[in-house]
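# An overview of the molecular structure
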Amino acid sequence: MPVPIIQTSIPVTDAPIATSASTTSLEGKKNNSIHSSTTEEDVLLLKANPFLDPRIASYWSDVYDACEYECRDAFDPTLEWTAEEEKKIIRKIDLRVTLWACVMFFALQTDRGNLTQVISDNFLEDLGLNTNDYNIGNTIFLVTFLFAELPSQLVSKKVGPDRWIPAQICLWSIVAALQCFLNSRGSFFATRALLGLLEGGFIPDVVLWLSYFYTSKELPIRLSIFWTTLSTTGVLTGLLAFALLHLRGVAGWAGWRWLFLIEGLITFTIGVISFFMMPASAVQTKTWFRPKGWFTDREVGIVVNRVLRDDPSKGDMNNRQAITPKILWACLCDYNLWPVYMLGLVVFIPFSPPAKYITLVLRGTGFDTFTTNLLTIPYNIFHIITLLLITRLSVYLNERSLVAALQSIWGLPCVIALRWWSGAFIDPWGTYALLTVILSYPYCHAILVAWTSRNSNSVGTRSVSAAVYNMAVQTGNVASNFIYAEDDKPLYKKGNTALLVINIVGFILFGLTKLYYLWRNKQRDRIWDAMSEDEKADYLANTRVFGSARLDFRFAH
């Protein structure tokens, strides 16, 4: 399907407006090539609301009707609203959509992350496992998680994320709770595989659902809030683990068995409630258990039209429409998104082994089980702060590559200290301080996910690219499991040398990605500017090229 013809940013005022902030195909161009003699005021209006051009409105109306887009009846090119009305609606969406997305992410992170807590207990000893077994278990989980990403996204696009996500949570929660009966190396590996298969795809599924309600400028901030749940869960489960691991001996069970059971029951409850908390779209919030819905009819119109004016392509598929093999193949072959995938593959690896091994390392330096779990709380709090700051800085500056590179800059001195400081992994409090600093890093994940979505430029591509990007991240996670090896204990000098090299490579990749997108945009500018006004109009009206391949689309960087 064709994609947005005009997208850009304009200030929001208190006067009636057609939309709020957006992103653009031809950013910064005063002449949008729809009319050859438009005034500057006309251009600004068209950038705010591309549907004011009747040809564009008619074209997209036909697209929405043809694909049976669920919000097509709310599409209104002439609808106006005030900034205050929009702010009120955004607050309502934040409380209903973003907040519940965070609750569901809590369920995911609890069940996939509690292995870090149980190994601070006697989990490995009780099952007769060693460090290599632990690494293999993590690898099995990540590999199955990785391979489940794309199939899960395809299922979600067909049945709807509002149905698939709650089902996912319930299914993996059952497996997570049943880990309380683990009794061998084989059962440990089996549950790791099942959890990976059932949890894979959850994050891109949620990102797709969030994109139904937010503009491209708003999405990065909401994703940063979403990913604060990663650290918030670390704080909450650290406290919960402190209590649950004290149940060792109750009913003859180890503390880690109680932890798996109780946390699994908590997340299963979240899964059940999610069936009632996730509407399929802004026009589908009214149902038998919510007869008044979330929005008035006018508010529905505002929610739908503000998103479409930001990115008309968000209506080029309906929310129960499957990705065809042709679209899937085209999306996978979209090499213009590969630079962001490469970033996802590489830049998070330097921080992964310290995060996975912090409890084992702290136990090894002399801290007891319960103190170790409490000591993981501070870095999670700092991580929330730096995540929000780096994402807001990116939005404020409208800069992705250079701001995200701050993550690699932060990691560089920390990894150097891990490798060459004589007290690393030996001095208890010094090691703890160093690990706390490195794990408080400004997490650029929200920036990269929103960047992938922005440069996808169509619903079909966006659905696939979110999964592929996450697969790249999980591939990096798999690789990170082999960096701290059994024969490199306890100082992990070889492993930390590898982390240093990877961190430097990641920093270089940020710069190369910036240069690539600048080059691609200049390439298209030359082609586009060489076309006559009639050729441009014909291209906009008749091209069958979709996604980021369109000549009138410019990449964010």
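Higher on the page you've got the structure.
Bear in mind the structure is a predicted one, so any value in this text is a computation, not a measurement. (Residues numbered from 1 in each chain as written. Predicted model: local features only at pLDDT ≥ 70, side-chain atom pairs only at ≥ 80, totals over all residues. Heavy atoms only, no water.)

## Details of the overall build of the chain
Heads up, the rule is: The helix count covers DSSP runs of H or I at least four residues long, the strand count covers runs of E at least two residues long, and both are numbered beginning at the N terminus. For the radius of gyration, the atoms used are the C-alpha atoms, and the globule rule reads 2.2 Å times the number of residues raised to 0.38. Only protein chains enter the calculation, and the probe is 1.4 Å; a residue is then buried if its accessible area is under 20% of its type maximum, exposed if over 50%, and partly exposed in between. Neither His nor the chain ends contribute to the count of charged residues, in which Lys and Arg are positive and Asp and Glu negative. For the purpose of locating charges, the reference atoms are NZ of Lys, CZ of Arg, CG of Asp and CD of Glu.
Helix and strand counts for the chain stand at 24 helices and 0 strands. For the chain, whose C-alpha radius of gyration is 24 Å, the value lies close to the compact-globule estimate of 24 Å for 557 residues. Along the longest, intermediate and shortest principal axes, the C-alpha atoms of the chain span 75 × 55 × 45 Å. Residues classed as buried in the chain amount to 61% of the 557 residues present. Mean positive and mean negative side-chain charge positions of the chain (48 and 47 charges, respectively) differ by 2 Å.

## Some points on the pattern of salt bridges
Defined as follows: A side-chain nitrogen of Lys or Arg and a carboxyl oxygen of Asp or Glu constitute a salt bridge if their distance falls within 4 Å.
One pass over the full model with this rule turns up 13 salt bridges. The salt bridge partner of D133 is R185, with a shortest N-O separation of 2.8 Å. Pair noted here: D133 is in helix α6 (residues 131-159) and R185 is in helix α8 (residues 185-199), with a separation of 52 residues, a long-range link. A relative accessible area of 41% means that R185 is categorised as partly exposed. When the shortest N-O distance is used, the salt bridge between R306 and E218 registers 2.2 Å. Within this pair, whereas R306 is found in helix α12 (residues 297-310), its partner E218 is found in the loop between α9 (202-211) and α10 (219-244), the two being separated by 88 residues in sequence. With respect to burial, R306 and E218 carry one shared label: buried. Members of the salt-bridge network, linked through shared partners, are E86, E218 and R306.

## Digging into the environment of N455
Selection rule: The contact rule is simple, with two residues in contact once any of their heavy atoms fall within 4.5 Å.
Positionally, N455 belongs in helix α21 (residues 445-456). For N455, a relative accessible area of 0% gives the class buried. Setting aside its immediate chain neighbours within four residues, N455 contacts L337, Y517, S548, F553, F555 and A556.

## Considering the packing of α6 against α9
For the record, the criterion: For helices, the fitted axis covers only the stretch in contact; all axes are lines through C-alpha atoms, and the angles between them, taken along N-to-C directions, range from 0 to 180 degrees. Each crossing is labelled by how the near helix is turned from the far one, with a counterclockwise turn of less than a right angle marking it left-handed and a clockwise turn marking it right-handed.
It is at 8 Å that the axes of α6 and α9 come closest, and there the two elements cross at 35°. In this structure, the crossing between α6 and α9 has a hand that is right-handed. Each of E149, S152, Q153, S156 and K157 in α6 lies in contact with α9, whose residues at this interface are F202, P204, D205 and L208.

## Quick notes on the packing of aromatic side chains
What counts here: Side-chain rings of Phe, Tyr and Trp, where Trp is taken by its six-membered ring, are said to pair if the distance between their centres is within 6.5 Å; with planes under 30 degrees apart they count as stacked, over 60 as edge-to-face, and otherwise as tilted.
In this structure the tally under the stated criterion is 40 aromatic pairs. Here F181 and W253 contribute two aromatic rings whose centre-to-centre distance is 5.9 Å and whose plane-to-plane angle is 90°, an arrangement assigned as edge-to-face. Of this pair, F181 sits in the loop between α7 (161-178) and α8 while W253 sits in the loop between α10 and α11 (255-274), placing them 72 residues apart in sequence. Its relative accessible area of 54% is what places F181 among the exposed residues. Residues F425 and Y492 carry aromatic rings whose centres are separated by 5.7 Å and whose planes lie at 75° to one another, so their mutual orientation is edge-to-face. Here the residue F425 occupies a position in the loop between α19 (406-420) and α20 (428-439), and Y492 occupies one in the loop between α22 (459-480) and α23 (493-529), the gap between them amounting to 67 residues. Following the ring pairs from residue to residue traces out a cluster consisting of F51, Y59, W60, Y64, Y69 and F75.

## Structural notes on the environment of T110
Under the convention used in this document: Whenever a nitrogen or oxygen atom comes within 3.5 Å of another N or O atom, the pair is scored as a polar contact, on the condition that within protein one atom can donate a hydrogen and the other can accept it, and that pairs from neighbouring residues in sequence are kept only if both atoms are in side chains.
On the secondary structure map, T110 appears in helix α3 (residues 83-113). Taking the C-alpha atoms as reference, T110 lies 7.1 Å from E263; in sequence the two are 153 residues apart. Looking at T110, its side chain comes within polar contact range of the main-chain oxygen of F106, at 2.7 Å.

## Points about α7
The condition is simple: Between the first and last residue of a helix there are one fewer steps than residues, each counted as 1.5 Å, and that sum is the expected span.
Between the first and last C-alpha of α7 there are 26 Å, a value that for 18 residues agrees with the 26 Å anticipated at 1.5 Å per step. Those residues of α7 hidden inside the fold are in contact with α3, α6, α8, α9 and α11.

## Describing the side chain of H383
Tracing the sequence through the fold places H383 in helix α17 (residues 377-397). The class for H383 is buried, based on a relative accessible area of 5%. In contact with H383, not counting residues within four places along its chain, are L230, S231, L439, S440, Y441 and Y443.

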